[in-house]
Amino acid sequence: MLTVHYSLLTVLSFPNAKLNLGLYVTAKRPDGYHALETVFVPLPWADVLEVLPAPKGQLASDLLLTGRPIPGEVATNLCLKSYQLLKTDFPALPAVQMQLHKIVPIGAGLGGGSADAAFALRSLNDLFGLNLTTEQLESYARQLGADCAFFIQNTPRLALEKGDIFEPINLNLTGTACIVVYPGLHISTAQAFAGIVPQAPAQPLRAALAEPMASWRTTVFNDFEKSLAPTYPVLAELKQQLYAAGAAYASLSGSGSAVYGLFPGLAEAPALAWPSEYLVWRGML
Ligand SMILES: C[C@@](CO)(OP(=O)(O)O)[C@H](O)COP(=O)(O)OP(=O)(O)OC[C@H]1O[C@@H](n2ccc(N)nc2=O)[C@H](O)[C@@H]1O
Ligand SMILES: Nc1ncnc2c1ncn2[C@@H]1O[C@H](COP(=O)(O)OP(=O)(O)O)[C@@H](O)[C@H]1O
């Protein structure tokens, strides 16, 4: 009979970022949040997360952080918040040792923190055989951040309400060459919302995305672009540079400040020169 020593079990995962294809802030909700209409698409720019049971005798869960520095106390990190959330419903959950190697830029509109939280939930579910369903995992994820639930299924989806209610969408960008440029501006999501007057889009996002990508430039918008433009002119400049390099579509992701360009039909995205302080991802979706 095969026996595996408990403490040798570990779950290694690669929490990936996301892009927003179109982002409309359609209404202010009674709970203070905003209703959105957006499509989330997984972006293979990823962190590395390891979750394993804590060594014998260690009663409190711990998180070791390496890579890009994450602002805030370790205790407030979304990976540990995921653990605490499950612990309230599963008091017998053993303490864990986590290690997060942070690669995805923080506060970039790429959802990196939410991805870590969702992958931590999934890892804990696998490690301890909690048998939580996808719906249950999404419900936990919703409590950790508005876009966190997307990363449970992690497939392209139309997101509504707070960005946590999903509808399927027939959109396959797999194999599309892409560049993501983060100019190093940390834009607070809450602050970005403050500059927006909610309204419904001229054309529903689903209908606009059903047309060829060449048309998206004039039909698919991110509402944050207009409101952030006066303060951050670099965002429009980046978009312009991506179009000049041949992108079929370019946009701000989320509430910024990462800007991306899509180059369908190319075997690889063009290698462009960027200021050395920018963080750039270039690859295939
Ligand atoms: C708005 C989006 C669009 O993709 O921005 P990015 O984070 O990607 O830039 C996301 O859904 C954000 O998701 P997430 O970053 O998890 O949001 P949360 O931590 O829950 O909320 C941060 C703050 O943003 C505002 N907020 C967020 C989502 C929403 N639908 N309405 C809001 O008004 C609230 O002020 C909230 O306090
Ligand atoms: N594991 C984590 N990775 C990144 N940010 C985290 C993490 N845990 C908590 N945070 C906090 O979340 C905020 C940024 O979240 P992030 O998802 O990177 O940005 P955005 O919402 O713009 O996509 C920061 O204030 C950061 O301190």
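Residues numbered from 1 in each chain as written. Chains lettered and ligands numbered in written order. Predicted model: local features only at pLDDT ≥ 70, side-chain atom pairs only at ≥ 80, totals over all residues.

Naming follows an unreviewed UniProt entry, where the protein appears as 4-diphosphocytidyl-2-C-methyl-D-erythritol kinase of Hymenobacter ginsengisoli. Checking UniProt for the protein, the heading Catalytic activity (unreviewed entry) contains the comment "4-CDP-2-C-methyl-D-erythritol + ATP = 4-CDP-2-C-methyl-D-erythritol 2-phosphate + ADP + H(+)". Of the protein, the UniProt comment under Sequence similarities (unreviewed entry) reads exactly: "Belongs to the GHMP kinase family. IspE subfamily." (UniProt positions renumbered as here; feature names shortened; annotations may be inferred.)

Enquirer: Let's hear about the sheet that holds strand β9 (residues 177-182): which residues, and what values?
Expert: Read from one edge of the open sheet, four strands run β10-β11-β9-β12, paired in antiparallel fashion. Looking at strand neighbours, the two that pair on one side only are β10 (249-252) and β12 (279-284), the edges of this open sheet. Neighbour-to-neighbour, the strand axes of the sheet open up by a mean angle of 15°, direction not taken into account. Pairing between β10 and strand β11 (residues 259-263): four bridges, direction antiparallel. Residue Y249 lies in a different strand from β11, and its bridge partner there is L262. (Pairing = 2+ DSSP bridges. Helix = DSSP H or I, 4+ residues; strand = E, 2+ residues; numbered from the N terminus. Axes fitted to C-alpha atoms, helices over the stretch in contact; angles between N-to-C directions.)

Enquirer: Just give me the short version of helix α1 (residues 78-89), but keep the residues and values in it.
Expert: Between its first and last C-alpha, α1 extends 17 Å over 12 residues, near the 16 Å set by a 1.5 Å rise per residue. When α1 is considered as a whole, its buried residues turn out to be L78, C79, L80, K81, S82, Y83 and L86. Each element contacted by the buried residues of α1 is listed here: β4 (48-53), β5 (62-67), β6 (96-102), α2 (112-127) and α3 (134-142). (Expected span 1.5 Å × (residues − 1). Buried ≥ 20, exposed ≤ 12 C-beta atoms within 10 Å, placed from the backbone. Contact = placed C-beta atoms within 7 Å.)

Enquirer: Explain the pairing of β11 to me, using residue names and the numbers behind them.
Expert: Counting buried residues in β11 gives five out of five residues, a clear majority hidden from the surface. On β11, burial covers both faces: V259, G261 and F263 on one face and Y260 and L262 on the other are all buried. Note that β9 and β11 share five bridges and pair antiparallel. Residue pairing across strands places I179 opposite G261, the latter belonging to β11. Joining the antiparallel neighbours β10 and β11 is a turn of six residues, in which G254 adopts a positive phi near 50°.

Enquirer: An account of the UniProt feature "domain: GHMP kinase N-terminal" (unreviewed entry) in the protein is needed here, citing residue identities and associated values.
Expert: Per the UniProt record, "domain: GHMP kinase N-terminal" (unreviewed entry) is annotated on residues 77-152. Annotation note: span residues 77-152, helix share 53%, strand share 9%, distance between end C-alpha atoms 18 Å.

Enquirer: Hey, could you go over the site of ligand 1 for me, with residue numbers and the actual values?
Expert: Taken together, 19 residues surround ligand 1, and among them G109, G145, A146, G254 and S255 come closest. Only β2 (16-28), β3 (34-46) and α5 (189-194) provide two or more residues apiece to the shell around ligand 1. The element contributing the most residues to the shell around ligand 1 is α5, with three residues. Of the residues in the shell around ligand 1, the class split is seven nonpolar, 10 polar and two charged. (Near = placed C-beta within 6 Å. Nonpolar A, V, L, I, M, F, W, Y, C, P; charged D, E, K, R; others polar.)

Enquirer: So what's going on with the sheet that holds β2? Which residues, and what values?
Expert: Pairing in this open sheet of four strands is antiparallel, and the strands run β2-β3-β7-β8 from one edge to the other. What marks the edges here is a single partner per strand, and that holds for β2 and β8 (165-168). Across this sheet, the average inter-strand angle for adjacent strands is 25°, counted without regard to direction. Inspection of the sheet shows β2 paired to β3 by 11 bridges, in the antiparallel sense. From the neighbouring strand, L19 faces β3, where its bridge partner is V41.

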